[in-house]
Amino acid sequence: GKTIVVTGVSSGIGAETARTIKRQGGTVIGVDRNPAGEAVDSFFQADLSSRDSIDALVASLPHGIDGLANIAGVPPTAPPEVVVAVNVVGLKYLTEKLVSKMSENGAIVSIASLAGVGWADSVPQIRAAEGLEFDQIPDFCREHDIDEQRSYFFSKEAVIVWTLQNRWTWRDRGIRINAVSPGPVETPILADFVKTLGARVEEDMRVMDRPGRPSDIAPVVAFLLSDGSRWIRGVNIPADGGMNSYILSHKH
Ligand code: NAI
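Residues numbered from 1 in each chain as written. Predicted model: local features only at pLDDT ≥ 70, side-chain atom pairs only at ≥ 80, totals over all residues.

- The name an unreviewed UniProt entry assigns to the protein is NAD(P)-dependent dehydrogenase (Short-subunit alcohol dehydrogenase family), from the organism Rhizobium subbaraonis.

1. A word on the site of the ligand
And step 1. In the region of the ligand, 28 residues are neighbours, and Gly-8, Ser-11, Gly-12, Gly-73 and Thr-187 sit closest.
And step 2. Mapped onto the shell around the ligand, the elements with two or more residues apiece are α1 (12–23) and α7 (190–197).
And step 3. In terms of residue count, α1 provides more of the shell around the ligand than any other element does, three residues in total.
And step 4. Taken together, the residues of the shell around the ligand break down into 15 nonpolar, 10 polar and three charged. (Near = placed C-beta within 6 Å. Helix = DSSP H or I, 4+ residues; strand = E, 2+ residues; numbered from the N terminus. Nonpolar A, V, L, I, M, F, W, Y, C, P; charged D, E, K, R; others polar.)

2. Remarks on the packing of α7 against helix α8 (residues 199–207)
And step 1. α8 packs onto α7 with a crossing angle of 125° between their chain directions and a minimal axis gap of 6 Å. Between α7 and α8, the crossing angle belongs to the class labelled oblique. Judged by residue contacts, Phe-193, Val-194 and Leu-197 of α7 engage Arg-200, Val-201 and Glu-202 from α8.
And step 2. Taken together, the residues that form the contact of α7 with α8 break down as four nonpolar, no polar and two charged. (Axes fitted to C-alpha atoms, helices over the stretch in contact; angles between N-to-C directions. Parallel < 35°, antiparallel > 145°, perpendicular 65-115°, else oblique. Contact = placed C-beta atoms within 7 Å.)

3. Re the environment of Gln-149
And step 1. For Gln-149, the position within the fold is in the loop between α5 (137–143) and α6 (151–165).
And step 2. The sequence separation of Gln-149 and Leu-197 amounts to 48 residues, and the corresponding C-alpha distance is 6.7 Å.

What follows is the structure, encoded as structure tokens:
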């Protein structure tokens, strides 16, 4: 079985991904700021909004990691600079550091979101965030109008664009990168989305025949971590009951 690092393992989609990987015979190294649940073989507490915490985490992780599932994320109820730190800068920093401990033919999968569907219209703003350091995030948010309404969308658009851009970055070692974009999923943060984004999320939920469940997302993540997806590189796979194509077709 493969050894997979799962961030955000203590709740929702991360916890379900850990269970799925275990069922498929894999070994789960869990990472979260909160204590872990049952489905992990080992666990490391870390704050993925902090460079120091990520440095300490990567230093203590073993070599020979076959996969990284970037699932930790915060909703738009968190301050914009925290949303950008956890969902974008921390995710990228952890990935780029952890690659040195990954096996040949490893796989990276990041959870983006249906909220990132509009990325094509945000490329200049996303470009401006390339190379953004942790301590520059507050200024960046102020200068680019990344407020409560925008932070979560921006963060997920940036993850999608970064995934597409890095299709071949680690090709010499056979390491692949892909993303999965869920629509609304019944987890503890769903209520936070409704609180901040209100009508947009409620409208999505009305159009969908039902909200997603973590078990609708985890198998897609597990597939992208497995050898069966070896020729899938640099893509974002929507897992949202059809919402992504619904939104795109209604816009054009
Ligand atoms: P959740 O709140 O159940 O799980 C998120 C996990 O991330 C928690 O265990 C939390 O402790 C951890 N986390 C947050 N900040 C952290 C930090 N600074 N350091 C370490 N761990 C941290 O939420 P859910 O729904 O399972 O979310 C997982 C991912 O899926 C997130 O990236 C979220 O943005 C994304 N997503 C969720 C959707 C939904 O409707 N639930 C829809 C689309 C995407």
